[in-house]
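Listed here are the chains, written in short residue letters.
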Amino acid sequence: MDDSPETLELLERNLKSEGYDVFTAAGVSEAIALLDETHADLVITDYKMPKSSGMDLIRYVRENLRNTEVMMITGYATVEGAVEAIKAGAEEYLTKPFTDEELFAAVRTALEKLKLRIAGQDRIPESIKSRYGLLGESDAMRQVYGAIAKAALTPATVLITGQSGTGKELVARAIHYSSKRASAPFVPVNCGGIPESLLESELFGYVKGAFTGAIESRAGFFQTADGGTIFLDEVSETSLAMQVKLLRVLQEKEICMVGSTQPRKVNVRILAATNKDLLGLVKKGSFREDLFYRLNVIEIAIPRLRDRAEDIILLVRHFARKFAAEVEKSEPRFSDKALSILRNYAWPGNVRELENVIHSLVVMTDSDTIDVPDLPDLMRYTGAREDGLHRTLDEVEALHIRNVLASVGGNKTRAAEILGIDRKTLREKMKRLQTGPL
Ligand SMILES: Nc1ncnc2c1ncn2[C@@H]1O[C@H](COP(=O)(O)OP(=O)(O)OP(=O)(O)O)[C@@H](O)[C@H]1O
Ligand SMILES: [Mg+2]
């Protein structure tokens, strides 16, 4: 992209002669519109542009297009310009005037980097998904795999957020088992499931005589997890008093057993999970702000299943195979209609709900093809129930757009064709209805 037609034409001619497919745009918004339509391996942009700067384009590419590299052309060699460009995510830059050879070399380097980057992206997830049972190929899940890989390299505390059944515990396990602590214990603690009066002694242990019935000292979860990882599930369910104690563990890396005033050092990595809006609880005063920030050093937010609908069929097939093997049946087939209903269902209970539904389908269905009548009533009649007559047109429209987008893997051009509108209208509708990312 360049505002000078001569430069633009020159670049186009030169790069075409080298066999590249070249598209040109004379401004940032034109370039963005073009990138919306067409995948580009490399974006070459001028720094100085009439209305908005080339920097805006770089930022757009970095935030929206994972598999596109950026190269910046600067009019004169300003250090600031180059630094700013690289900070914003340009991989390469070229200073005017440049020779054809310099241009080609820079383009080759940028494309080489892109290849390496894409190969790297695929490498990390493979090792994690195959080992820890996390499935899903959607971009959203790939981001989760990337975050797990990063979190595994550090001892930092991680807050895993996501609705019920999205796989928070699986993610916690994946972090532990791909970290250096893998050979030490992983100890999950359901903070919501243990009565408040017991939680402290369960976590920290107690000394003999600490309370009636404490005839012997007993270790708590933190001692059990020594050298390993403790997973504080449903951490929002702890009392404010308990939160103070957890804060102390995080800050001082020591615990006090119940009935003792002697602090003991512990070497435990903490992972925490919640399906609540923890920051909201902080604002309401029911969760300590200082603890929130201590827990939230790294946040891994797991998407709802309906927000990564492209993973549904893959999960259906996986669980069908798994449960069929368990009862020594052959793997059932699903009719197209049944698959389409499964794909469009809202899955409020996320992967856990899907797992349960498929389990019962495999066990209960006698024929080898699962069809619409086999599906739970709730799903077959969702149309009449929760999507029913109290819905506004906007809600119905938003749902339909989301489903169509999901069915074409987020490809807006194809979605617009199916919906019978043009891309611009689709974009406007998505913005207005806030259908959000898939
Ligand atoms: N991405 C995934 N791939 C395969 N299985 C998954 C995935 N996510 C979740 N599951 C399965 O779904 C079930 C629920 O997962 P998990 O217990 O980790 O969820 P959770 O977020 O901790 O739920 P809750 O908030 O209800 O405790 C488990 O049986 C898990 O194996
Ligand atoms: Mg859980």
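Quick caveat: nothing in here was measured; it's all calculated off a predicted structure. (Residues numbered from 1 in each chain as written. Chains lettered and ligands numbered in written order. Predicted model: local features only at pLDDT ≥ 70, side-chain atom pairs only at ≥ 80, totals over all residues. Heavy atoms only, no water.)

Draft legend 1. Molecular detail of the overall build of the protein chain. Looking only at helices and strands, the protein chain features 19 helices and 12 strands. Within the protein chain, the fraction of its 438 residues that count as buried is 44%. Long-range contacts, defined here as pairs at least 24 residues apart, represent 68% of the contacts in the protein chain between residues at least 6 apart. As displayed, the protein chain offers around 23,100 Å² of accessible surface, 53% of which is attributable to carbon and sulfur atoms. (Helix = DSSP H or I, 4+ residues; strand = E, 2+ residues; numbered from the N terminus. Buried < 20%, exposed > 50% of the residue type's maximum accessible area, 1.4 Å probe, protein only. Contact = heavy atoms within 4.5 Å. Areas by Shrake-Rupley, 256 points an atom, 1.4 Å probe, with all protein chains shown as cover.)

Draft legend 2. The site of ligand 1, seen in detail. Looking at ligand 1, there are 18 residues lining it, with Leu135, Gly165, Lys168, Arg352 and Glu355 nearest. Leu170 is positioned such that a nitrogen or oxygen atom in its backbone is 3.1 Å from an oxygen atom of ligand 1. Glu355 has a polar side-chain atom sitting 2.6 Å from an oxygen atom of ligand 1. Burial of ligand 1 by the protein amounts to 84% of the accessible area it has alone, namely 630 Å². (Near = heavy atom within 4 Å. Polar contact = N/O pair within 3.5 Å; in protein donor to acceptor, adjacent residues only side chain to side chain.)

Draft legend 3. Structural detail: the pattern of salt bridges. Applying the stated criterion across every chain, the model contains 23 salt bridges. Here Glu237 ties to Lys276 by a salt bridge, and the two come within 2.8 Å at their closest N and O atoms. Residue Glu237 is located in the loop between β6 (229-233) and α10 (240-252), and its partner Lys276 is located in the loop between β9 (269-274) and α11 (278-284); the two are separated by 39 residues in the primary sequence. Judged by relative accessible area, which is 37%, Glu237 ranks as partly exposed. The class for Lys276 is partly exposed, based on a relative accessible area of 40%. (Salt bridge = Lys/Arg side-chain N within 4 Å of Asp/Glu carboxyl O.)

Draft legend 4. Representation of the pairing of strand β4 (residues 158-161) in the model. Where burial is concerned, the two faces of β4 agree: the one with Val158 and Ile160 and the one with Leu159 and Thr161 are both buried. Examined bridge by bridge, β4 and β9 share 4 bridges and lie parallel to one another. Its bridge partner being in β9, Val158 is matched across the sheet by Leu271. Strand direction decides the pairing type here: β4 and strand β10 (residues 298-301), joined by 4 bridges, are parallel. Looking at the pairing, Ile160 lines up with Ile300 of β10. (Pairing = 2+ DSSP bridges.)

Draft legend 5. Molecular detail of the packing of aromatic side chains. Inspection of every chain in the model, using the stated rule, returns 7 aromatic pairs. Three or more aromatic residues link up through ring pairs in this structure, and these residues are Tyr177, Phe186 and Phe231. (Phe/Tyr/Trp six-rings, centres within 6.5 Å; stacked < 30°, edge-to-face > 60°.)

Draft legend 6. Focus on α10. Over its 13 residues, α10 extends 18 Å from the first C-alpha to the last, a length consistent with the 18 Å expected when each residue adds 1.5 Å. Each element contacted by the buried residues of α10 is listed here: α8 (196-204), α9 (221-224), β6, β7 (254-256), β9 and α12 (289-295). Of the residues flanking the end of α10, it is Lys253, one or two places downstream, whose phi is positive at about 55°. (Expected span 1.5 Å × (residues − 1).)

Draft legend 7. Spatial organisation of the sheet that holds strand β2 (residues 69-74). Taken in spatial order, the 3 strands line up as β1-β2-β3 in an open sheet, and their pairing is parallel. Two strands close off the open sheet at either side, each with one partner strand: β1 (42-46) and β3 (92-95). Averaged over all adjacent pairs, the angle separating strand axes in this sheet is 20°, with direction ignored. Two elements, β1 and β2, share 5 bridges in a ladder whose sense is parallel. Paired with Leu42 across the two strands is Glu69, which belongs to β2. The strands touched by helix α3 (residues 54-64) within the sheet are β1 and β2, with β1 carrying the most contacts at an inclination of about 160°. (Axes fitted to C-alpha atoms, helices over the stretch in contact; angles between N-to-C directions.)

Draft legend 8. View of the sheet that holds β10. Spatial ordering of the open sheet is given by β5-β6-β9-β4-β10, a layout of 5 strands whose pairing is parallel. Both outer strands of the open sheet, β5 (186-190) and β10, are each paired with one neighbouring strand and no more. Shown here is a sheet whose adjacent strand axes are inclined to one another by a mean of 20°, direction ignored. With 4 bridges joining them, β6 and β9 adopt parallel strand pairing. Bridge pairing in β9 links Leu232 to Ala272.

Draft legend 9. Spatial organisation of the confidence of the model for the protein chain. Mean pLDDT over the protein chain stands at 86; residues scoring 70 or higher make up 87%. Scored below 50 in pLDDT, residues 383-387 makes 7 contacts in the model with residues more than four places away or belonging to other chains. (pLDDT = per-residue confidence, 0-100.)

Draft legend 10. Seen up close, the packing of α8 against α10. At a minimum axis separation of 11 Å, α8 and α10 run at an interaxial angle of 15°. On the basis of their axis angle, the class for α8 and α10 is roughly parallel. In this structure, α8 meets α10 at a crossing whose hand is left-handed. Each of Glu196, Leu199, Glu200, Leu203 and Phe204 in α8 lies in contact with α10, whose residues at this interface are Met242, Lys245, Leu246 and Val249. (Parallel < 35°, antiparallel > 145°, perpendicular 65-115°, else oblique. Left-handed = near helix turned anticlockwise from the far one by under 90°.)

Draft legend 11. Representation of the side chain of Arg181 within the structure. The residue Arg181 is located in the loop between α7 (168-177) and β5 in this model. Of the polar contacts made by the side chain of Arg181, one reaches the backbone oxygen of Gly227; its length is 3.1 Å. Reaching out from Arg181, the side chain makes a polar contact with the side chain of Asn267 at a distance of 2.7 Å. Apart from the residues lying within four places of it in its own chain, the contact partners of Arg181 are His176, Gly227, Gly228, Thr229, Asn267, Val268 and Arg269.

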